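# Summary of the model geometry
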Protein chains: 2
Amino acid sequence: MNCNTPTDVTFSFSGFAQRGGRTDHHADGWGIAFFEGAGLRHFVDHQSACDSPVAELIRRDPIKSRNVIAHIRKATQGAVALENCHPFVRELWGRYWVFAHNGNLENFHPNLHAGFRPVGATDSEQAFCWLMQELAKSHASVPTAQELTLTLRELTPRIARHGTFNFLLSNGQALWAHCSTQLYFVERKHPFAHAQLADEDLNIDFAQNTSASDKVAVVVTAPLTTNEEWTAFAPGQLRLFVDGASVG
Amino acid sequence: MNCNTPTDVTFSFSGFAQRGGRTDHHADGWGIAFFEGAGLRHFVDHQSACDSPVAELIRRDPIKSRNVIAHIRKATQGAVALENCHPFVRELWGRYWVFAHNGNLENFHPNLHAGFRPVGATDSEQAFCWLMQELAKSHASVPTAQELTLTLRELTPRIARHGTFNFLLSNGQALWAHCSTQLYFVERKHPFAHAQLADEDLNIDFAQNTSASDKVAVVVTAPLTTNEEWTAFAPGQLRLFVDGASVG
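Throughout what follows, the structure given in this document is the object of discussion. (Residues numbered from 1 in each chain as written. Chains lettered and ligands numbered in written order. Predicted model: local features only at pLDDT ≥ 70, side-chain atom pairs only at ≥ 80, totals over all residues.)

### A few points about the overall build of chain A
As a reminder of what qualifies: Think of it this way: any DSSP run of H or I at least four residues long counts as a helix, any run of E at least two long counts as a strand, and we number them from the N terminus. For the radius of gyration, the atom set is restricted to C-alpha positions; the globular benchmark scales as 2.2 Å times the number of residues to the power 0.38. Residues with at least 20 other C-beta atoms within 10 Å of their own are called buried, those with 12 or fewer are called exposed, and the rest are partly exposed. The C-beta atoms themselves are positioned from the backbone. Here contacts are defined at the residue level, using C-beta atoms placed from the backbone and a cut-off of 7 Å between them.
The helix and strand tally for chain A stands at 4 helices and 15 strands. Taken over C-alpha atoms, the radius of gyration comes to 17 Å for chain A, in line with the 18 Å a tight globule of 248 residues would show. Across its three principal directions, the C-alpha atoms of chain A cover 50 × 35 × 30 Å. Put simply, chain A has 248 residues, and 50% of those count as buried. Once local pairs closer than 6 in sequence are excluded, the contacts in chain A between residues at least 24 apart make up 71%.

### A short note on the packing of helix α1 (residues 10-18) of chain B against helix α2 (residues 53-60) of chain B
All names here are of chain B. Quick note on the threshold: Every axis corresponds to a line fitted to the C-alpha atoms, with the helix fit spanning only the stretch in contact, and the corresponding angles, defined between N-to-C directions, vary from 0 to 180 degrees. Orientation is classified from the angle alone, with under 35 degrees giving roughly parallel, over 145 giving roughly antiparallel, 65 to 115 giving roughly perpendicular, and any other angle giving oblique. Crossing handedness: left-handed means the near helix sits turned counterclockwise from the far one by under a right angle, and right-handed means the same turn made clockwise. For this scheme, ten residues count as nonpolar: Ala, Val, Leu, Ile, Met, Phe, Trp, Tyr, Cys and Pro. Four count as charged, namely Asp, Glu, Lys and Arg, and the remainder, Gly too, count as polar.
Orientation of α1 relative to α2, taken along the N-to-C sense of each, is 150 degrees, at an axis distance of 9 Å. Between α1 and α2, the crossing angle belongs to the class labelled roughly antiparallel. Between α1 and α2 the crossing geometry is left-handed. When α1 is examined against α2, the residues T10, F13, S14 and A17 are found in contact with a partner set consisting of A55, I58 and R59. Classifying every residue of the contact of α1 with α2 by side-chain character gives 4 nonpolar, 2 polar and 1 charged.

### A look at unusual backbone geometry
Here the bond from H86(B) into P87(B) is cis, since omega is -5 degrees, no more than 30 degrees from zero. Mapped onto the secondary structure, P87(B) falls in the loop between β4 (64-72) and β5 (88-92). Here H190(B) and P191(B) are connected by a cis peptide whose omega angle stands at -5 degrees. Looking at the secondary structure, you find P191(B) in the loop between β9 (184-189) and β10 (194-196). Of note, the phi angle at N107(A) is positive, near 50 degrees, even though the residue is not glycine. In this structure, N107(A) sits in the loop between β6 (95-102) and α3 (123-138). For N107(A), a count of 8 C-beta atoms within 10 Å puts it in the exposed group.

### Details of the environment of A174(B)
Residues and elements named next belong to chain B. Summarising the element assignment, A174 is placed in the loop between β7 (166-170) and β8 (175-178). Judged by the 21 C-beta atoms lying within 10 Å of it, A174 is buried. Separated by 71 residues in sequence, A174 and A245 place their C-alpha atoms 10.0 Å apart. Other than its neighbours up to four places away in sequence, A174 contacts A145, L240, F241 and V242.

### Digging into the interface of chain B and chain A
One frequently used descriptor of interface size is the decrease in accessible area upon assembly of the parts. Between chain B and chain A, the contact holds 24 residues from the first and 24 residues from the second. Breaking the side of chain B that touches chain A down by element, the ones donating at least two residues are β3 (39-45), α2, β5 and β6 (95-102) of chain B. The biggest single contributor to the side of chain B that touches chain A is β3(B), with 4 residues. Partitioned by chemical class, the residues of the side of chain B that touches chain A number 10 nonpolar, 6 polar and 8 charged.

### Brief notes about the relation of the copies chain B and chain A
Rules: Copies are brought into register by a least-squares superposition over C-alpha atoms of residues with pLDDT of at least 70 in both.
Note on the identical chains: chain B maps onto chain A by a rotation of 180 degrees and an axial translation of 0.0 Å, with an RMSD of 0.0 Å. Accordingly, the operation relating the two chain copies is best matched by a two-fold axis. In this assembly, 100% of the residues forming the interface of chain B have copies in chain A that are likewise at the interface, indicating an isologous arrangement.

### A short note on the sheet that holds strand β8 (residues 175-178) of chain A
Strand pairing in a sheet takes place through backbone hydrogen bonds and is either antiparallel or parallel in direction. Residues and elements named next belong to chain A. Selection rule: Any two strands between which DSSP finds at least two bridges are classified as paired.
Across the sheet, 6 strands lie side by side as β5-β6-β7-β8-β14-β15; this open sheet has antiparallel pairing. The open sheet has two edge strands, β5 (88-92) and β15 (245-246), and neither has a second partner. Seen against the sheet, α3 touches β5 and β6 and runs at an angle of roughly 15 degrees to β5. The strands that helix α4 (residues 145-160) touches are β8 and β14 (238-242); relative to β14, the one it contacts most, it runs at about 160 degrees.

### What to know about the pairing of strand β7 (residues 166-170) of chain A
Residues and elements named next belong to chain A. Burial analysis of β7 places 5 of its 5 residues in the buried class, which makes it a mostly covered element. Here β7 shows two buried faces, one formed by N166, L168 and S170 and the other by F167 and L169. Bridge count for β6 against β7 is 5 bridges, and the pairing is antiparallel. Among the inter-strand pairings, F99 is bridged to a residue of β7, identified as L169. Where β7 lies against β8, 4 bridges are found, and the strand directions are antiparallel. Across the sheet, F167 pairs through a bridge with H178, a residue of β8. The antiparallel pairing of β7 with β8 creates a hairpin that spans 4 residues between the two strands, and G172 there sits at a positive phi of about 90 degrees.

### Observations concerning α1(B)
All names here are of chain B. Burial of α1 is extensive: 7 of the 9 residues sit out of reach of the surface. Those residues of α1 that fall on the buried side of the exposure criterion are F11, S12, F13, G15, F16, A17 and Q18. Of the surrounding secondary structure, the elements contacted by the buried residues of α1 are α2, β4, β11 (203-205) and β12 (215-220).

### Brief notes about the sheet that holds β8(B)
Residues and elements named next belong to chain B. Taken together, 6 strands build an open sheet; the order of strands is β5-β6-β7-β8-β14-β15 and the sheet is antiparallel. Since the sheet does not close on itself, it has two edges, and those belong to β5 and β15 (245-246), each with one partner. Judged from the 4 bridges that link them, β8 and strand β14 (residues 238-242) form a sheet pairing that is antiparallel. Its bridge partner being in β14, W176 is matched across the sheet by L240. The strands that helix α3 (residues 123-138) touches are β5 and β6; relative to β5, the one it contacts most, it runs at about 15 degrees.

### Side note on the environment of T231(A)
All names here are of chain A. With respect to the helices and strands, T231 occurs in strand β13 (residues 231-232). On the basis of neighbour count, T231 is assigned to the partly exposed category, with 14 C-beta atoms found within 10 Å. Separated by 47 residues in sequence, T231 and Y184 have C-alpha atoms that sit 5.3 Å apart. With near-sequence residues (within four places) excluded, T231 lies in contact with Y184 and F185.

This is a description of form; function is not addressed.
Here it is as structure tokens:
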């Protein structure tokens, strides 16, 4: 989720967490990271999201954030273990970077020769470390979101040719989303409407909790609601989201 | 806390959290990190520990870990903000490193020329980044705990001359603790006894929840219990804890 004003993810998270073991088979752990200015709240759990006490805390105690990345895991590479749960976090140029990957990379053995090494055993964390390493080489300090988008468009295909590489990346200022096979987004803005969750019998009237200037973009593997207009990414497409809108 | 078997911190955390706003004036945020193998659960909050919903979750839902670092903050440098809450986390040599600092460093402007930059505005995170940078230069990969202790004994005085530098550092395999002014530890082992919290009317019979081989070392700024034998660190002393015992 990427927004122009701090927004809670309670509604979307309710549907999302059901996919972590109940309505979908991604039950090998989960995680979520909320930026708060430059700071970060990062929760990971190798219990399934639908059973996790931390997930329950997040549902009950709304955390407001302008950039949130969440992930539910179906283990393809790497055991069911805390260190293999997404999203992953690293610091670069004095900012935290958060990364989550959906997909599977085959025969991917990047040359990690600099300051970013995987802690766990997933292809995903290797891909993240390589991206961070190459971004660090390409810019001396935090570039603009547009400049970083151009660099990511050069780097991403070098990973994506190894398999499925749908990913989300944020530094708290913007959200980058790349689609190999399957990714959707919706932009919620004035006039806000009712929305009906696909995974749970729950609906919400966004108009009651928002102001006319609020903008919220939500990017997902599969649409979360049944009555909103979700736009599919094209395969190979990398999009930049700033202040709740797709801008490039 | 450093242990030879995964142990929950429920009892110690109960007393500790009271100091975050109730029995002490450290009310400018708090944080706690639990290693689980190579993985890490990291919680930070800029609400005071005695009021925080995340602190409530930790009290109610025991997380077992062999290495835990917790911190309650009294802001000396840097605003009350999430990015300034300890403990801080960085990755080095494919492991997470967790650091918390009690004290204040004056005129401390380390030369941070490598891959570790502070995200927030505290002297503490600067000290951590400098330590990580210098450790990375001193060893090619994760050294033994004893080797790292020697390197830390060389590096620490270069920071400590800038002020008060009580710190805790862990990579999930060992715990390092350095005392400038005030630090205590206790080693709990067989035969386990009753303990009475100093900050709350609560006592526990450790014998009921432990086995004969369990060892738990707890390092604190001020003793947490009134009826255990706490050993004071000497000023300038750096101690290494492995498997629940002070070993160097």
